[in-house]
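Working through the structure, step by step
The chain contents come next:
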Amino acid sequence: MEADERRTGRAVAHRPSTEPTVQPSRPAPAAAPTPTRLGARLQRAHAIADLRRQAARRLPKAVFDFIDGGAEDERTLRDNVEAFDDWMLMPRVGIDVATRDLSRSILGYRASLPIMMAPTGLAGFFWPDGEVAGAQAAARAGIPYCLSTNSVGSIEHVAEGAPEGERWFQLYFLRDREWMQALLRRAAAARYRVLCLTVDLAVQGRRERDLRNAFTMPLKPRLSTALDLARRPGWLAGAARSRLGFGNFQAGGFQAGGAAAGHGFTSVAQHVASLFDPSASWDDIARIRDAWRGPMALKGLLHPADAARAVALGIEAVIVSNHGGRQLDDVPAAIHALPGVAEAVAGRAEVILDGGVRRGTDVIKALALGATACSLGRPFLWGLSAGGTAGVSRAIEIVRGELDNAMTLLGTPTLEAITRDHLRPRRGGW
Ligand SMILES: Cc1cc2nc3c(=O)[nH]c(=O)nc-3n(C[C@H](O)[C@H](O)[C@H](O)COP(=O)(O)O)c2cc1C
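Residues numbered from 1 in each chain as written. Predicted model: local features only at pLDDT ≥ 70, side-chain atom pairs only at ≥ 80, totals over all residues.

Topic: the packing of helix α16 (residues 360-368) against helix α17 (residues 378-410)
Helix-helix packing is described using two parameters, namely the angle between the two axes and the distance between the axes. Threshold: A fitted line through C-alpha atoms serves as each axis, taken over the contacting stretch for helices, and the angle formed by two N-to-C directions is quoted from 0 to 180°. We count a stretch as a helix when DSSP gives it H or I for four or more residues in a row; a strand needs E for two or more, and each element gets its number in order from the N terminus. Working rule for angles: under 35 degrees goes down as roughly parallel, over 145 as roughly antiparallel, 65 to 115 as roughly perpendicular, anything else as oblique. Here a crossing is taken to be left-handed if its near helix is turned anticlockwise relative to the far helix by less than a right angle, and right-handed if that turn runs clockwise. Any residue pair is listed as a contact if its two C-beta atoms, each placed from the backbone, are within 7 Å. By the convention adopted, Pro, Cys, Tyr, Trp, Phe, Met, Ile, Leu, Val and Ala count as nonpolar, Lys, Arg, Asp and Glu as charged, and the other residues, Gly among them, as polar.
In contact at an axis separation of 7 Å, α16 and α17 are set at 60° when each is read in the N-to-C sense. Relative to α17, α16 is oriented oblique. When you trace α16 past α17, the crossing you get is right-handed. Taking contact as the criterion, the partners of Gly360, Thr361, Val363 and Ile364 in α16 are, on α17, Val399, Glu402, Leu403, Asn405, Ala406 and Leu410. Among the residues forming the contact of α16 with α17, the class breakdown is 6 nonpolar, 3 polar and 1 charged.

Here it is, written out as structure tokens:
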């Protein structure tokens, strides 16, 4: 299901709201690569890891580390990826795999692939108008796009820039409950169909790379990073013409300091500490459930009992996630937590696996262990940082190609054909 034929392709101006805050170095940075050069470079990316390398070349170190990094010793960050190695695939032969169907219904939306774009804050800091770029790529590919509360582009701006796609809105618990309700109303009015409530960020995890890099949005000019910035003219030129801030906190009436208000250098940790509410309980989750008319997903669960509780509240999807290893370190890898959650949910809600997916074979493993679909964060951010919409499209294309190839060789022409019997533990037990 390709949505690009239906798309208008209309360019959307970046949402004006604050003073430009990253100054271009002098002399003016070189122009961004031409679409052809960019396209050729993206075509040389054959795996998500290649896009990560391209992103590392274009982004300043502090910005790359913000995407790439995790909490404390980054054990969970590593485990999320490496835990997929604990499973091997067991192919079957003699099955007609001449045609394959990779489509999957995710909360009632027929997606062309069993994947979605995870909510990620600050995308507009990585590529000009990054949220719209990501949402457009998702719409073209026919997969859901989830906009973060902490986006640079606002709810309305992204809906206008990618009107065709399947849009979800991700909400955090804010101290200002009226503002939270206002965000819900704005998301509904802008036709975001699904609400994704993230519940694993009572406070921000201790992300030491960001502390060491003194990461803020915008980047604070420092002598020690001037050379690094000077080597990133493409990114610098884009950031210089962007209006940076937390777009959803800038529309009428919200009282906040720092980047939320559109001035100053704000770390994400400061933003979270000043605005987010660590007191939220299941009662508050139930209230949000009641307030949102459409389907709702709860993101950031690992414990089966929490998943069961979410289902009891009438939540339609649980997202098994440790926030990409960015919150509490040393918690289970998402793929390890998945079977317990799937068992507790027992088909009463959809289960989405979030964290560490880098390959089509990872998607197969997640589906075999009970997931309806997978949610990917960094793979799309690396694509975005390497090449905007085209870069995200390339990331989707890579996952699609890998998944299709693996399904063919596994003997599973449809996603429904993938079962637990297609997996074996790598070490012993079979
Ligand atoms: C740079 C970055 C920003 C993120 N911002 C948010 C956010 O605003 N809201 C949220 O629910 N999760 C956020 N996440 C977590 C992702 O939604 C997702 O859980 C995680 O990236 C999945 O792991 P993966 O990157 O290995 O795919 C963010 C992740 C990254 C890398």
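Overview of helix α2 (residues 48-58)
Short version of the rule: Exposed residues have 12 or fewer other C-beta atoms within 10 Å of their own C-beta, buried residues have 20 or more, and residues in between are partly exposed; the C-beta atoms are placed from the backbone. Directions from the helix axis toward the C-beta atoms define the arc.
Those residues of α2 that sit buried are Ile48, Leu51, Arg52, Gln54, Ala55 and Arg58. Along the long axis of α2, the arc covered by the buried residues comes to 165°, so they all point the same way.

Some remarks on the site of the ligand
The test is simple: Each residue gets a C-beta atom placed from its backbone. If that atom is within 6 Å of a molecule or strand, the residue is near it.
Taken together, 24 residues lie around the ligand, and Ala118, Ser148, Gly324, Gly377 and Arg378 are the ones closest in. Of all the elements in the fold, those that place two or more residues in the shell around the ligand are α3 (61-68) and α17. Grouping the amino acids of the shell around the ligand by side-chain chemistry returns 7 nonpolar, 13 polar and 4 charged.

Quick look at unusual backbone geometry
Cis geometry is adopted by the peptide bond preceding Pro218, which originates at Met217 and carries an omega value of -10°. Structurally, Pro218 is set in the loop between α9 (208-213) and α10 (223-230). With phi around 50°, Leu107 is a residue other than glycine that occupies positive phi space. Mapped onto the secondary structure, Leu107 falls in the loop between β2 (104-106) and β3 (109-111). Among the residues examined, Leu107 registers 22 C-beta atoms within 10 Å and is labelled buried.

Functional significance is not addressed by these values, which are geometric in nature.
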